[in-house]
Amino acid sequence: MNVVNFNERACEKYRRYFDAFLDNELLVETNQDVLQHLNSCTECTRILEGRARTKQLVRHAVTTEQAPPEFVAALRSRLRTERPGFFASNTARWTMAAAAVLLLAIVGLGGLQWGRIGPFAGDDGVFQTVSARVQDLLRVGLVDHVHCTIVLQRWKQFFSFEEMKAETGPQALGAEFIDLIPAVEAKLGPDYKLVQGHRCVANHRQYVHLILTGKKGAILSLVITEKDNESFKQADAVAVMKASGIPIYLDRQGILEIAGFESDKYLAYIVSNLDRDANLNLASLMAPTVYNHLHKLEL
Amino acid sequence: MLFGRKVESDAFEAVALPHLNDLYRTAVHLVRDRTEAHDLVQEAYLQAWKAFHRFEPGTNCRAWLFKILINEVRHYRRRWFNSKTVPEPEQSFEETLAFEPSVPEDIQDEDVLAALDEIPREFREVVLLSDVQEFSYREIAEMLSIPVGTVMSRLSRGRKQLRMKLADYARAAGVGRKPQEGAYERR
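As the structure is a computational prediction, the values presented were derived from the model and not from experiment. (Residues numbered from 1 in each chain as written. Chains lettered and ligands numbered in written order. Predicted model: local features only at pLDDT ≥ 70, side-chain atom pairs only at ≥ 80, totals over all residues. Heavy atoms only, no water.)

Caption draft 1: Structural context of the interface of chain B and chain A. Contacts between the two partners involve 58 residues from chain B and, on the opposite side, 47 residues from chain A. Summed over the shared surface of chain B and chain A, the result is five salt bridges. In this structure, the connection of chain B to chain A is made through 17 residue pairs in polar contact (both at pLDDT 80 or more). At the level of elements, helix H1 (2–16), helix H2 (20–31), helix H3 (34–50), helix H4 (61–81), helix H6 (109–118), helix H7 (121–132) and helix H9 (148–172) of chain B are the ones that each hand at least two residues to the side of chain B that touches chain A. For the side of chain B that touches chain A, the element with the most residues is H3 of chain B, which contributes 12 residues. (Contact = heavy atoms within 4.5 Å. Salt bridge = Lys/Arg side-chain N within 4 Å of Asp/Glu carboxyl O. Polar contact = N/O pair within 3.5 Å; in protein donor to acceptor, adjacent residues only side chain to side chain. Helix = DSSP H or I, 4+ residues; strand = E, 2+ residues; numbered from the N terminus.)

Set out below in structure tokens:
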């Protein structure tokens, strides 16, 4: 036999308050009304207890998880290398990054003994043919070089291969990319020194980043990032040259030369303060090795 | 100069790092991916550290950190899902039912987490901020830049969906349930 509850409408009204009642968000008077109703309604009391218990279950289940100790250690270490109050927001950060590039271009980097500075953007026909879409694609690699290598000055922080291999935090290259280090070193020879390789995030994009230095103050980055529906081919880019069949695209921003190439799933860049020929030469040396590495990951 | 920086660094760690686990747990369930959660929490802390000179001592550091994290998560979503505006989920059939199932007695934490991760993101967000982090409706409204009424509505609908899903889990317990699509593995 069904039991007809003549107070159903009253119950419905009070049940609408239950969430706010549990969260202590009701006015004192409404709180009192709910309490009075609960004293006389066993079904509403059951429902309220159930909701309170659900809340406890969720809280208990979620709070059992702790941040991994290696993540906490990596975060502490990262915080200690960052400069406080320098970049107040993303916008300011990128304005400052752009300003850093501009400043370096203006002062000619005499103090840092950067060498082999080539002509500025627009000086030759190749640059002028680069479309805006291709420039945007090439800047994806530039952003990380400026942010990580120049602004955070990571080109000064040397890590041995053993240290990078032993690294387990979020910045670790991991099994996927650690082998790139000896491969790149072997390709470039003794003229270039690998300073460090890591994973990083710039402008909310993830990168694999190898930093190298060379003679006469050369500083360069090999930057790799996963494609996000992007492609040089789709952007109708005109390759400047092919290295073992891999098209290479070029751009220059201020004093920085950028060479880009792609595999099916990745974009890769060589960014440096070298002149165009030297940067392109490095890109053509590294492209086949890097491409083969990325291609293996994609299989 | 270096000494001054060390003092500031110590102050930041003292007020901000005690909330790391809370931010981490929230990020894990907001994006349902631990690697992304690591990056987002790290980025939130870096942003907070860089803006620490603007933080007023004595104000709610935890709410400030959560607001930064929520913004990072929004940037992340826009980046990966290209969804600048997310429509409010339509009311499901289950939500229209007046019936309120009993809460299962012996439900496991992993079932609760799986149920939580299945409810729509807008609802999960407020459930996490209210039920787990115990922020007030007003604090949540400020963090998410939505009216308090929307917080209440999302919370009510989120909790209701959660109760329904918990009841489903309890009914299916021991029947050889398969892992849910999109759920992540627990370490």
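More follows now that the structure is in view.
Caption draft 2: Quick peek at empty space enclosed by the protein. On inspection of all chains with the given rule, the structure shows three cavities of 30 Å³ or more. In this structure, the largest cavity encloses a volume near 110 Å³. Val201 and His204 of chain A together with Glu36, Leu40 and Tyr76 of chain B are, among the 10 residues lining the largest cavity, the residues nearest its centre. Broken down by secondary-structure element, the contributors of at least two residues to the lining of the largest cavity are H3 and H4 of chain B. With four residues, H3 of chain B is the largest single contributor of residues to the lining of the largest cavity. Looking at the lining of the largest cavity residue by residue, the classes come out as four nonpolar, two polar and four charged. (1 Å grid on protein atoms, 1.4 Å probe; cavity = no way out; pocket = protein on both sides within 12 Å on 5 of 7 lines; lining within 4 Å. Points joined across faces, edges and corners; volume = space filled by probe spheres on them. Nonpolar A, V, L, I, M, F, W, Y, C, P; charged D, E, K, R; others polar.)

Caption draft 3: Just the packing of aromatic side chains, in detail. Within this structure, the stated rule accounts for nine aromatic pairs over all chains. One aromatic cluster is present, formed by Phe12, Tyr45, Trp49 and Phe52 of chain B through successive ring pairs. Above the face of the Phe158 of chain A ring, Lys193 of chain A is positioned so that its terminal group lies 4.6 Å from the ring centre. (Phe/Tyr/Trp six-rings, centres within 6.5 Å; stacked < 30°, edge-to-face > 60°. Lys NZ or Arg CZ within 6 Å of the ring centre and 35° of its normal.)

Caption draft 4: Quick look at the sheet that holds strand S5 (residues 246–253) of chain A. All names here are of chain A. Pairing is antiparallel in the open sheet, where seven strands are placed in the order S1-S2-S3-S7-S6-S5-S4. A strand with exactly one partner marks an edge of an open sheet, and here the two such strands are strand S1 (192–202) and strand S4 (241–243). The average undirected angle you get between the axes of adjacent strands in this sheet is 25 degrees. Pairing of S5 with strand S6 (residues 256–262) involves five bridges; the strand directions are antiparallel. Considered in S6, the bridge of Leu250 is made with Ala259. (Pairing = 2+ DSSP bridges. Axes fitted to C-alpha atoms, helices over the stretch in contact; angles between N-to-C directions.)

Caption draft 5: Focus on unusual backbone geometry. Residue and element names in this part refer to chain A. One non-glycine residue with positive phi stands out, namely Asn24, at about 60 degrees. Tracing the backbone through its elements, the reader meets Asn24 in the loop between helix H2 (18–22) and helix H3 (28–40). In the Ramachandran plot, Lys216 falls in the positive-phi region, its phi being about 55 degrees despite a non-glycine side chain. Looking at the secondary structure, you find Lys216 in the loop between strand S2 (205–214) and strand S3 (219–226).

Caption draft 6: Examining helix H12 (residues 276–298) of chain A more closely. Taken as a whole, H12 of chain A carries its principal kink of about 40 degrees at Met286 of chain A; the proline Pro288 of chain A stands between one and four residues after it. Where H12 of chain A begins, the capping side chain belongs to Asp275 of chain A, and its oxygen is found 3.3 Å from the backbone nitrogen of Asp277 of chain A. (Bend = angle between axes of the 7 residues up to and from the residue.)

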